[in-house]
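Per-entry structural report
Here's the letter readout for the chains.
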Amino acid sequence: MTSTSTRLAIDADRWPDAAAAAGSPARAAVARVLFGAAVVRLPLRVRVPDGGLAGAGGPGTPVMEIRRPREFFRRIGASGLIGFGESYMAGEWDSNDLTALLTVFAGHAAELVPPWLQPLRRLAVRRQPPGDRPTIAGARRNTGRHYDLSNELFALFLDETMTYSSAIFAESQGLPVAADHLLAEAQRRKIDRLLDRAGVGPGCRVLEVGTGWGELAIRAARRGATVRSITISREQQALAARRVAEAGLAGRVRVELRDYRDVDGRFDAICSAEMLEAVGERYWDTYFAALDRHLAPGGRIGLQTITMAHDRMLATRHTYTWIQKYIFPGGLLPSVTAIQASLARTRLRITGREDFGAHYAETLRIWRERFGTQGAEVARLGFDEVFTRMWNFYLCYSEAGFRAGYIDVSQLTLARI
């Protein structure tokens, strides 16, 4: 197994270091004032080493413990919300309930910066690095930085289906009934609904855009379909092809290392689960034009994607975020409005939609809890403590976004009308 330091060598300039904690004292002072003004109104508590407390929360609300205030405020002063996440990675602050704490911040995101300062926000935020743009070459680099880390790493917290997108649990009184032992069943339910949206059945020619680790292709083939599944992750291709072969379906499924822009042929059904988020805004039209081009007459598309409200997307579309720097470079969460605008330049339209953000929050909770029990195995795979804190922050950060309603997830049916 390649060491973590080797895997991350190409991103050495992105990893938090001591220099980031030694930024401008003036910017740190401004960050301290703005942070204090924000948390004083929030239902949480902030504790500093001298025992002082801030925040409007009472007993039972999440506590943020700032262990090294000087470094914490200098990171925020230098890098804003990226610095906030980096400071956690560096151990400069912690929380007794990180997900609950981040849910509070996500639920009050629009209020964290004073209104009089918001027009100046664009002058302070950083833009995404040009090298992260999801061109064909850039998309391969971006995908490799996440999905090629290690199949074994993902296996530590995913279920037996190796499905890395939101599950759909059974519901009781409108709420997901979620538990660790129900996750695999819920993932298969999600996949089956997506296959149903696309009309996948016996004799159907299926294109899957974004293989994952092969479960959707396997379930489509078991319906009697022939599947061409494409991915730009070498690790995913290798494991997905092996799982297909072990299922005895190699004659029905072909897993290719191929970009969606390099596909040929026409298909009766197209499925894509949470791949649009990585496409990048400038390529949304290209992506949907490709789906339109490859869909045979009378065919349908089942698309699952994480979304955000259109006004939030417009406000943050040019911001370089912690999640882009460390987890998903080059991507942007679309709004349904943005998807519709891209579809308007094709022959495709949305003919069905289901939103289920609460199910993603529960999916992420289970992943987070599983990952949290695997510290020794994560270390055995060569990942250090900074990586472990980063990954935990990512899972909590994502769960918080869904719990606060800041982001959502949708299954869409696309067809020509």
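The preceding data block contains the structure.
This structure is a prediction, so every number in the text was calculated from the model and none was measured. (Residues numbered from 1 in each chain as written. Predicted model: local features only at pLDDT ≥ 70, side-chain atom pairs only at ≥ 80, totals over all residues. Heavy atoms only, no water.)

**Some remarks on the sheet that holds strand S13 (residues 407-416)**
Reading across from one edge, S9-S8-S7-S10-S11-S13-S12 is the order of the seven strands in this open sheet, with mixed pairing throughout. The open sheet has two edge strands, strand S9 (253-257) and strand S12 (348-355), and neither has a second partner. Across the sheet, the mean angle from the axis of one strand to that of its neighbour is 20°, orientation sign disregarded. Where strand S10 (residues 267-273) meets strand S11 (residues 295-308), six bridges bridge the pair, whose relative direction is parallel. What sits directly across from alanine 273, in S11, is glutamine 304. (Pairing = 2+ DSSP bridges. Helix = DSSP H or I, 4+ residues; strand = E, 2+ residues; numbered from the N terminus. Axes fitted to C-alpha atoms, helices over the stretch in contact; angles between N-to-C directions.)

**Description of the packing of helix H2 (residues 25-39) against helix H3 (residues 69-89)**
For the pair H2 and H3, the least separation of the axes is 7 Å and the interaxial angle reads 95°. Our classification of the angle between H2 and H3 gives roughly perpendicular. From H2, Pro25, Arg27, Ala28, Ala31, Arg32 and Phe35 reach across to H3, where they touch Pro69, Phe72, Phe73, Arg74, Ile76, Gly77 and Ala78. Each residue belonging to the contact of H2 with H3 can be placed in one class, and the counts come to nine nonpolar, one polar and three charged. (Parallel < 35°, antiparallel > 145°, perpendicular 65-115°, else oblique. Contact = heavy atoms within 4.5 Å. Nonpolar A, V, L, I, M, F, W, Y, C, P; charged D, E, K, R; others polar.)

**What about helix H6 (residues 136-147)?**
Counted at 1.5 Å a residue, the expected span for H6 with its twelve residues is 16 Å, and the 16 Å between its end C-alpha atoms agrees. Burial in H6 covers these residues: Gly138, Ala139, Asn142, Thr143, Arg145, His146 and Tyr147. Around the axis of H6, the buried residues are gathered within 165° of arc, so they sit on the same side. Contact partners of the buried residues in H6: helix H7 (151-155), helix H10 (234-246), helix H13 (322-326) and helix H17 (385-403). (Expected span 1.5 Å × (residues − 1). Buried < 20%, exposed > 50% of the residue type's maximum accessible area, 1.4 Å probe, protein only. Arc of directions from axis to C-beta.)

**Here we look at the nonpolar core**
Ranked by internal contacts, the top residues of the largest apolar core, which has 92 residues, are Met64, Trp93, Tyr164, Trp322 and Trp391. With nine residues, the single largest contributor to this core is H17. When residues no more than four places from it in sequence are discounted, the contact partners of methionine 64 are Phe35, Arg45, Val46, Arg47, Phe72, Phe84, Trp93, Asp94, Leu101 and Phe105. If you look at the next biggest cluster of nonpolar residues, it comprises 21 residues, including Ile191, Leu216, Ala217 and Val255. (Core = buried A, V, L, I, M, F, W, Y, C linked by side-chain atoms within 4.5 Å.)

**Considerations on the state of the cysteines**
With the rule as written, the count across this model stands at zero disulfides. Unpaired in terms of disulfides, cysteine 204 finds its nearest cysteine sulfur in cysteine 271, a separation of 8.4 Å. Look at cysteine 204 and you get buried, because its relative accessible area is 8%. (Disulfide = S-S within 2.5 Å.)

**So, the packing of helix H15 (residues 357-372) against H17**
Contact geometry for H15 and H17: axes closest at 8 Å, N-to-C directions at 160°. The pairing of H15 with H17 is recorded here as roughly antiparallel in orientation. The way H15 lies across H17 gives a crossing that is left-handed. Note on element contacts: H17 touches H15 through Thr388, Trp391, Asn392, Leu395, Cys396, Ser398, Glu399, Phe402 and Arg403, opposite Gly357, Tyr360, Ala361, Glu362, Leu364, Arg365, Trp367, Arg368 and Phe371. Its residues assigned to classes, the contact of H15 with H17 shows nine nonpolar, four polar and five charged. (Left-handed = near helix turned anticlockwise from the far one by under 90°.)

**Some points on the sheet that holds strand S1 (residues 45-47)**
A sheet is described by the order of its strands in space; here four strands give the open sequence S2-S1-S3-S4, paired in mixed fashion. Two strands bound the open sheet, and with one partner strand each, they are strand S2 (53-54) and strand S4 (93-95). Bridge count between S1 and S2: two bridges; the pairing is antiparallel. Looking at the pairing, valine 46 lines up with alanine 54 of S2. Sheet contacts for helix H4 (residues 98-107): strand S3 (63-66) and S4; angle to S4, the most-contacted strand, approximately 100°.

**Things to note about the side chain of threonine 163**
Take threonine 163: it is sitting in the loop between H7 and strand S5 (171-172). Residue threonine 163 is classed as buried on the basis of its relative accessible area, which comes to 8%. Beyond its immediate sequence surroundings of up to four residues, threonine 163 is in contact with Leu158, Gln187, Lys190, Ile191, Glu215 and Trp367.

**Observations concerning the side chain of serine 335**
In this structure, serine 335 sits in the loop between H13 and helix H14 (336-343). If near-sequence neighbours (up to four positions away) are discounted, serine 335 is found in contact with Met308, Ala309, His310 and Met313.

**Focus on the packing of aromatic side chains**
The tally for this structure, following the rule as stated, stands at 36 aromatic pairs. Between tyrosine 360 and tryptophan 367, the aromatic rings sit 6.3 Å apart at their centres with planes inclined by 85°, giving edge-to-face as the arrangement. Using a relative accessible area of 5% as the deciding quantity, one classes tyrosine 360 as buried. Between the NZ or CZ atom of arginine 389 and the centre of the ring of tyrosine 88, over which it lies, the distance is 4.0 Å. (Phe/Tyr/Trp six-rings, centres within 6.5 Å; stacked < 30°, edge-to-face > 60°. Lys NZ or Arg CZ within 6 Å of the ring centre and 35° of its normal.)

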